[in-house]
Amino acid sequence: MNTQKPRLLTTDTLVVQETRNVMRSEYSIFDDNGTEIAQITQAGSLGRRMLGIGVKYDIFDVDEDGKEGDKLLTITDPANVFGDTYKVLTPNGAQIATAKTKRFSLKSRLTLSVKGLSDVDVDGGFRGKNYALTSKGRPIATIDRKYRGLKGAITGKDTYALHLEPNLNEETRAAVIGTALVIDIVRRKNDEAVAVSVS
């Protein structure tokens, strides 16, 4: 039995790469040396994926041989008329974080809840290039869309770095990673909605 902890939960700098196509978005997560350590798959019917509602994202470990391993996290985005409520779940279904948005609000606003942390907020505006997740004003993670530390030829795709505070315990770290991924999903949906409204 392999008791080694997943590298996703032990690595302080994660580089997330998104590849978009008509059918779905595909994600890979690398360490800062360019080694793939996790994959994210998007599930749900084609119609729901195209509308961006009622879908889920499963995050799987990738072992040192590049093979998909155990499921580490799930992000759900159930259909909701009045807004979005994203949930970050462990493999056994325990909820460790949520993010809520209002669908008909003129001002984009996220309400975040992360297990093990209080007063979680986004510092810098999640629609910008760079921002931070904070708990009681203390940084717990930063998102850097201008990051250039990744080695390897993965340019030309939507790539950003997630820098995690090293003193987070494993469950809190998993919740923060899931929350950061949710924020990026929300940001992308908002950008797409703006593009449609002005086209």
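Above this text is the structure in question.
Scope of this entry: the structure provided in the associated data block. (Residues numbered from 1 in each chain as written. Predicted model: local features only at pLDDT ≥ 70, side-chain atom pairs only at ≥ 80, totals over all residues. Heavy atoms only, no water.)

### Here's the deal with unusual backbone geometry
- Even without being glycine, Asp119 reaches a positive phi, approximately 50°.
- Mapped onto the secondary structure, Asp119 falls in the loop between strand S8 (111-114) and strand S9 (120-123).
- Using a relative accessible area of 55% as the deciding quantity, one classes Asp119 as exposed.
- A positive phi is found at Lys136, a non-glycine position, where the angle reads about 55°.
- Checked against the element boundaries, Lys136 lands in the loop between strand S10 (130-135) and strand S11 (138-144).
- Judged by relative accessible area, Lys136 falls into the exposed class, the value being 64%. (Helix = DSSP H or I, 4+ residues; strand = E, 2+ residues; numbered from the N terminus. Buried < 20%, exposed > 50% of the residue type's maximum accessible area, 1.4 Å probe, protein only.)

### Things to note about the nonpolar core
- Residues Leu8, Leu133 and Val176 are the most contacted members of the largest nonpolar core, which totals 45 residues.
- A total of 10 residues in this core trace back to one element, the largest contributor, which is helix H2 (residues 170-198).
- Dropping the residues within four chain positions of it, Leu8 is found in contact with Leu14, Ile29, Ile37, Ala38, Ile59, Leu72 and Ile177. (Core = buried A, V, L, I, M, F, W, Y, C linked by side-chain atoms within 4.5 Å. Contact = heavy atoms within 4.5 Å.)

### Notes on the side chain of Thr134
- Of note, Thr134 is situated in strand S10.
- Overall, Thr134 belongs to the buried group, its relative accessible area being 9%.
- Beyond its immediate stretch of four places on either side in the chain, Thr134 contacts Asp119, Val120, Asp121, Asp123, Pro139 and Ile140.

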